[in-house]
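# Observations on chain architecture
Spelled out, the chains give:
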Amino acid sequence: MIASPATETRSRGWQKFRRNRAAVAGLVIVSIISAMALLAPVLPIADYLQTSWTAIRKPPSAMYWMGTDELGRDILSRMIWGAQSSLLAGVVSVAIAAILGVPIGLISGYFGGWIDVVISRFTDALLALPFLVMAIALAAFLGPSLTNAMIAIGFSAVPIFIRLTRGQVLAVRSEEYIEGARSVGLGHIEIMSRYILPNILPPIIVQATLTVATAILAEASLSFLGLGQQAPEASWGSMLSTAKNFLSQAPWMAMWPGAAIFLMVIGFNLLGDGLRDALDPREN
């Protein structure tokens, strides 16, 4: 049985990804943290909301592996449950950005003309605003909560996907297979969904992976400022916000959430870079 060209391309891409040690390391980091976050309800850990006045700011020990916080809550438990907030914010925010940005970019690049001019100028205006500043402004307008933070981050990332999708569409819309689809009378929606979108998905997937890292960092920033996950729920950003008041007495309160944010962002960046190399057809 002869393998199809698409199958061979995917196989070569996977082999190249496996040879990229940094990408594999990123996948391992993301997988471990994601598994802990998903399994948080069944893991044999302490209640992350349980306070104890006899265990306030206890250093790491055999009983409290990561120590306790200012209310005597187990930091390990709060770290694991906080991973849920960070991953949820990253994935949902990017989903919002992609669902809104990709179709708009497709329309802009495919139809061109005045539609492209209007969308492009609007996108340029949004891109002129720093991503985090726009996310903070939207979150402050919507009100402090994890849901509103995800919406704010998602809308702030929409211009990134519009511009990327538009550029990819401009690169493929004049290809012969697109002209052939037009010549047989296929409609615009069918051409965009069946012939253009599948061929521009790889860079969109890579951008989505990299944007998850940015969204996680943005969620931590919003929670640090009190605009994200609200107490008593766990969030790495809000844990850092509290820990800043106890840096001299309990440095471990800041060390663990800071390290977790660093590892998660690095993991997604390494994974995204690996996917970029593996999915680049020029490299396969």
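Note on numbering: residues in each chain are counted from 1, in written sequence order. It should be noted that, the model being predicted, local features are given only for residues of pLDDT at least 70 and side-chain atom pairs only at 80 or more, the latter also being counted only at that level, while totals for whole chains, interfaces and linings use all residues. Hydrogens and water are ignored here; the side-chain numbers use all heavy atoms of the structure.

## Section: the side chain of Ser108
Strands here mean DSSP runs of E at least two residues long; helices mean DSSP runs of H or I at least four residues long; both are numbered from the N terminus. Structurally, Ser108 can be placed in helix H3 (residues 75–111). What Ser108 contacts, discounting residues up to four positions off in sequence, is Asp116, Ile119, Ser120 and Arg166. Note on contacts: a residue pair qualifies if any of its non-hydrogen atoms lie within 4.5 Å across the two residues.

## A short note on the packing of H3 against helix H6 (residues 146–172)
Where H3 contacts H6, the two axes come as close as 5 Å, and the packing angle between them is 35 degrees. You can see that H3 and H6 cross each other, and the crossing is right-handed. Classification convention: Asp, Glu, Lys, Arg as charged; Ala, Val, Leu, Ile, Met, Phe, Trp, Tyr, Cys, Pro as nonpolar; all other residues, Gly among them, as polar. Per-class residue counts for the contact of H3 with H6 are 23 nonpolar, 8 polar and 1 charged. Comment: axis = line fitted to C-alpha atoms, over the contacting stretch for helices; angle = value between 0 and 180 degrees taken between N-to-C directions. Crossings are classed by handedness, with left-handed meaning an anticlockwise turn of the near helix from the far one by less than a right angle and right-handed meaning a clockwise turn.

## Quick look at unusual backbone geometry
Cis peptide bonds are those with omega within 30 degrees of zero, and the linkage from Ala231 to Pro232 qualifies with 5 degrees. Within the fold, Pro232 resides in the loop between helix H8 (188–224) and helix H9 (236–243). With phi around 50 degrees, Arg57 is a residue other than glycine that occupies positive phi space. Structurally, the position occupied by Arg57 is in the loop between helix H2 (21–38) and H3.

## Topic: the pattern of salt bridges
Salt bridges, as used here, are contacts in which a Lys or Arg side-chain nitrogen is within 4 Å of a carboxyl oxygen on Asp or Glu. This structure, assessed with the given rule, holds 8 salt bridges. Of the charged contacts in the structure, one is a salt bridge between Asp116 and Arg166, with a shortest N-O distance of 2.6 Å. Of this pair, Asp116 sits in helix H4 (residues 113–127) while Arg166 sits in helix H6, and the two are 50 residues apart along the sequence. One salt bridge in this structure joins Arg121 and Asp124, with 2.9 Å as the shortest N-O distance. One end of the pair, Arg121, and the other, Asp124, are both in helix H4, 3 residues apart, so they sit about a helical turn from each other. Burial status follows relative accessibility: with a 1.4 Å probe on protein chains alone, a residue under 20% of its type maximum counts as buried, one over 50% as exposed, and anything between as partly exposed. A residue is classified by how much of its surface remains accessible, and Asp124, at 26% relative accessible area, is partly exposed. Among the charged side chains, a network of salt bridges with common partners joins Asp69, Glu70, Arg73 and Arg78.

Geometry only, nothing functional implied.
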